Amino acid sequence: MTRTDRAGIDRVGIVGCGLMGSGIAEICARAGLETKVYEVDADSVSAGRARIQASLDRAVQRGKIGKQARAEALALLTFTTELDDFADRDLAIEAVPEREELKRDVFRALDKAMTQPDAVIASNTSSIPVVKLATVTSRPHMIIGLHFFNPVPTLKLVEVTASVLTEESTRQRIHAFATDILGRHVIRSQDRAGFIVNALLIPYITAAIRMYESGFASADDIDSGMVMGCAHPMGPLALADHIGLDTTLAIAESLYQEYREPHHAPPPLLARMVAAGHLGRKTGQGFHQWPAARPPRAGVGE
């Protein structure tokens, strides 16, 4: 595949190697892209590398890819603790936790580090308006939202969001990258908090939290009602645990800041659970108890 066929993107950088960043890095490497992954320190790099290797191993075990494809993907992955190593990247995808100031800091640093004249910086943000990130850079016309869904190697959907400052050529280039190179199904959203999926999903989840908080029904009954009564694959409270209650809270806060409508306000119980460190599956305790509890990682990746 030529560089033109790849929308001019051969070298990709991923900032953060948590659940989302590792999945994005994996699909980029599996697509034959030279993929460099940034994390804050050696321990976080080791954890991210292990996460990607384990995911590739599962893909081999399930017959999704062969052993040769696994080896080729791993050979295309490199890791760094220096953002300056992104100087030659054609595209950087930020995948750090859903905190606006953290993301803005990352965008400032990437803007300085990336020296290719046509380099694009994309955010995996699930709720923050893209223009808020674009305005801290010297290239707002080349900033775009590229929101994947967890687990990234399995879920084919991606939201592409251009801000009012994004050039149409940038949007077309990233759309082609997502569809033709990564094999994703793209949906387009206006640059409003939550975009399409989370603008619909998070109010649904917070309504379920309010129902539980009021004593209306138990967590099990709320979830069973939506699974068995509406054919949802997972109940809203279990889904919040799966997303991470800290991430759910951050998205709800972004939605409320944008729309100022009462149903977007985060329920007090959600904020208290996050303050207590009960973040869902990643800590073993949320609205439900989960096995294999682990403390939150210290790295930049979400």
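Position labels on residues start from 1 in each chain and follow its written sequence. Reporting of local features is limited, given that this is a predicted model, to residues whose pLDDT is at least 70; pairs of side-chain atoms are given and counted only at 80 or more, and all residues count toward the totals for whole chains, interfaces and linings. Side-chain numbers here rest on the full set of heavy atoms in the structure, without hydrogens or water.

A. How the structure looks around the side chain of R139. A run of H or I in DSSP becomes a helix once it reaches four residues, and a run of E becomes a strand once it reaches two; helices and strands are each numbered from the N terminus. Assignment of secondary structure puts R139 in the loop between α5 (130-134) and β6 (143-148). Exposure categories follow from relative accessible area, calculated using a 1.4 Å probe and restricted to protein chains: below 20% of the type maximum is buried, above 50% is exposed, and the middle band is partly exposed. Taking relative accessible area as the criterion, R139 reaches 9% and is therefore assigned buried. A polar contact is formed between the side chain of R139 and the backbone oxygen of M114, at a distance of 2.8 Å. Residues contacting R139, with those up to four places away along its chain left out, are L110, D111, M114, Q116, A119 and I121. Here a polar contact means two N or O atoms within 3.5 Å. Within protein one must be a hydrogen donor candidate and the other an acceptor candidate, and residues neighboring in sequence count only if both atoms are side-chain atoms. In this analysis, two residues are considered to be in contact whenever any of their non-hydrogen atoms come within 4.5 Å of each other.

B. Structural context of the pairing of strand β2 (residues 34-38). The buried fraction of β2 amounts to 4 of the 5 residues, a majority that puts the element mostly inside the structure. A crossover gets the label right-handed when its path from the first strand over the helix to the second runs clockwise, viewed with the strands pointing away from the viewer. Handedness of the β-α-β unit built from strand β1 (residues 11-15), helix α1 (residues 19-30) and β2 comes out right-handed. Note on pairing: two strands pair once DSSP finds at least 2 bridges between them. The sheet contact formed by β2 and strand β3 (residues 77-80) spans 4 bridges and is parallel. Counterpart to T35 in the pairing with β3 is L77.

C. Up close: the pattern of salt bridges. Salt bridge, as used here: a side-chain nitrogen of Lys or Arg that lies within 4 Å of a carboxyl oxygen of Asp or Glu. In total, this model carries 15 salt bridges according to the counting rule given. The partner of R11 in a salt bridge is D90, and the shortest N-O contact between them spans 3.3 Å. With a gap of 79 residues between them, R11 in strand β1 and D90 in the loop between β3 and β4 (91-94) connect regions that are remote in the sequence. Note on D90: relative accessible area 0%, which makes it buried. Linking K282 and D246 is a salt bridge whose minimum nitrogen-to-oxygen distance equals 2.9 Å. Note that K282 is positioned in the segment after α11 (268-275) and D246 in helix α10 (residues 245-259), a separation of 36 residues in sequence.

D. Layout of unusual backbone geometry. Residue P151 is bonded to the preceding N150 through a cis peptide linkage, with omega at 0 degrees. In this structure, P151 sits in the loop between β6 and β7 (157-162). The backbone of F195 shows a phi angle near 55 degrees, a positive value even though the residue is not glycine.

E. Fine view of the packing of aromatic side chains. Think of it this way: a Phe, Tyr or Trp ring, Trp meaning its six-membered ring, pairs with another when their centres are within 6.5 Å, and the plane angle makes it stacked under 30 degrees, edge-to-face over 60, tilted otherwise. The final tally for this structure, using the stated rule, is 1 aromatic pair. Arranged with centres 5.7 Å apart and planes meeting at 90 degrees, the rings of Y212 and F287 form a pair that is edge-to-face. Within this pair, whereas Y212 is found in helix α7 (residues 197-213), its partner F287 is found in the segment after α11, the two being separated by 75 residues in sequence. Using a relative accessible area of 31% as the deciding quantity, one classes Y212 as partly exposed.

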